[in-house]
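Observations on chain architecture
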Amino acid sequence: AVVSTQSTGMIKKIKDSGANLAICQWGFDDEANHLCLQNELPAVRWVGGPEIELIAIATGGRIVPRFSELTPEKLGYAGKVREIEFGTTKDRMLVIEDCKNTRAVTLFLRGSNSMIVQEAKRSIWDAMCVIRNLVRDNRIVYGGGSNEISCAVAVSAAADKVPSIEQYAMRAFADALESVPMALAENSGFAPFATLAEVKSRQIKENNPRLGIDCMDNGENDMKEQHVIETLIGKKQQIMLATQLVRMILKIDDVRSPGEEE
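Residues numbered from 1 in each chain as written. Predicted model: local features only at pLDDT ≥ 70, side-chain atom pairs only at ≥ 80, totals over all residues. Heavy atoms only, no water.

Here we look at the overall build of the protein
Counting its secondary structure elements, the protein contains 10 helices and six strands. Its C-alpha radius of gyration of 30 Å places the protein more than 25% over the 18 Å reference for a compact globule of 262 residues. Along the first, second and third principal axes, the C-alpha atoms of the protein reach 90 × 55 × 40 Å. Relative to its full complement of 262 residues, the protein shows a buried share of 24%. Looking at the protein alone, contacts between residues at least 24 apart form 46% of all its contacts between residues at least 6 apart. Total accessible area computed for the protein in this model is approximately 19100 Å², and 57% of it derives from carbon and sulfur atoms. Computing the positive centroid from 31 side-chain charges and the negative centroid from 36, the protein places the two 7 Å apart. (Helix = DSSP H or I, 4+ residues; strand = E, 2+ residues; numbered from the N terminus. Rg over C-alpha atoms; globule rule 2.2 N^0.38 Å. Buried < 20%, exposed > 50% of the residue type's maximum accessible area, 1.4 Å probe, protein only. Contact = heavy atoms within 4.5 Å. Areas by Shrake-Rupley, 256 points an atom, 1.4 Å probe, with all protein chains shown as cover. Lys, Arg positive; Asp, Glu negative; His and termini not counted. Charge placed at Lys NZ, Arg CZ, Asp CG, Glu CD.)

In structure tokens, the structure reads:
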């Protein structure tokens with residue numbers, strides 16, 4: 001009787017605050033569920049931690065740990081809450097629509113098997129990372145290996161002006177940059193050395209750093225015309241990470257072969 005009275009008091013506090021839907025993270029028992037039904041208070045008895053945080057962001061509400069802290073100012077808003085069924089297994093999902101924060105969205109991915117769903121998830125994650133990079137720094141470079149070829153030409157030209165032995169390291173760095181357009185040409189079915197040499201000579205002759213590998217064989221090497229771009233911050237991170245990896249390997253002064261005796 002005491003537990004029932006406490007549960008009734010909690011439900012009364014929820015309704016007095018003006019709430020018409022309760023969402024609980026840690027769940028509640030069957031008796032509390034029955035009392036919610038008697039008092040015409042719809043409730044979701046268990047929602048995961050990350051999900052309830054996303055719901056709070058979308059609806060503009062606050063997560064309240066105690067009933068005594070519940071006030072009308074901490075309530076969120078949603079225009080529609082409904083349950084849908086999908087798939088041959090009739091899986092159920094709770095959908096909260098017309099939220100206060102219209103910038104919060106949920107992507108629902110479906111596929112014939114888990115591998116396709118995971119691949120789609122990775123693709124969307126990559127696209128979101130590109131948008132994040134553009135928000136951080138909206139500068140772009142042209143893709144198709146054009147920026148790597150342009151950088152390799154610039155580094156080689158700078159190496160010619162260095163009188164010390166460091167010029168060999170700079171030329172090696174320029175050769176490493178050219179491995180990206182060579183890989184693009186090879187993966188596209190072109191002769192990698194011939195294709196790279198042709199594009200590189202055209203860049204120098206025409207003074208056009210936008211020329212890259214025509215992977216789609218459209219007859220156009222200008223990446224600006226093909227709308228092939230990359231984020232500057234992403235390209236910088238790639239080159240810096242590769243450089244740091246090589247430096248780490250060069251610091252190793254002892255290499256052990258498989259099968260070598262202790």
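Examining the environment of Arg110
Within the element layout of this structure, Arg110 appears in the loop between strand S4 (91-99) and helix H4 (114-136). A relative accessible area of 55% means that Arg110 is categorised as exposed. Linking Arg110 and Gly27, residues 83 residues apart in sequence, is a C-alpha distance of 28 Å. Beyond its immediate stretch of four places on either side in the chain, Arg110 contacts Phe86, Gly87 and Val117.

A few points about the side chain of Asn133
Tracing the sequence through the fold places Asn133 in helix H4. Given the relative accessible area of 8%, Asn133 is considered buried. Setting aside anything within four residues of it in sequence, one finds Asn133 in contact with Thr231, Ile233 and Gly234.

Observations concerning the packing of helix H5 (residues 146-159) against helix H6 (residues 166-177)
Interhelical geometry of H5 versus H6 gives an angle of 170° and a closest axis separation of 8 Å. Judged on the interaxial angle alone, H6 and H5 are roughly antiparallel. For the pair formed by H5 and H6, the contact residues are Glu148, Cys151, Ala152, Val155, Ser156, Ala158 and Ala159 on the first element and Gln167, Met170, Arg171, Phe173, Ala174 and Leu177 on the second. (Axes fitted to C-alpha atoms, helices over the stretch in contact; angles between N-to-C directions. Parallel < 35°, antiparallel > 145°, perpendicular 65-115°, else oblique.)

Observations concerning the environment of Ile96
Summarising the element assignment, Ile96 is placed in strand S4. Each C-alpha atom of the pair Ile96 and Gly145 lies 44 Å from the other, and the pair is 49 residues apart in sequence. Setting aside residues up to four positions removed in sequence, Ile96 forms contacts with Ile23, Ile55, Thr59, Ala78, Lys80 and Val81.

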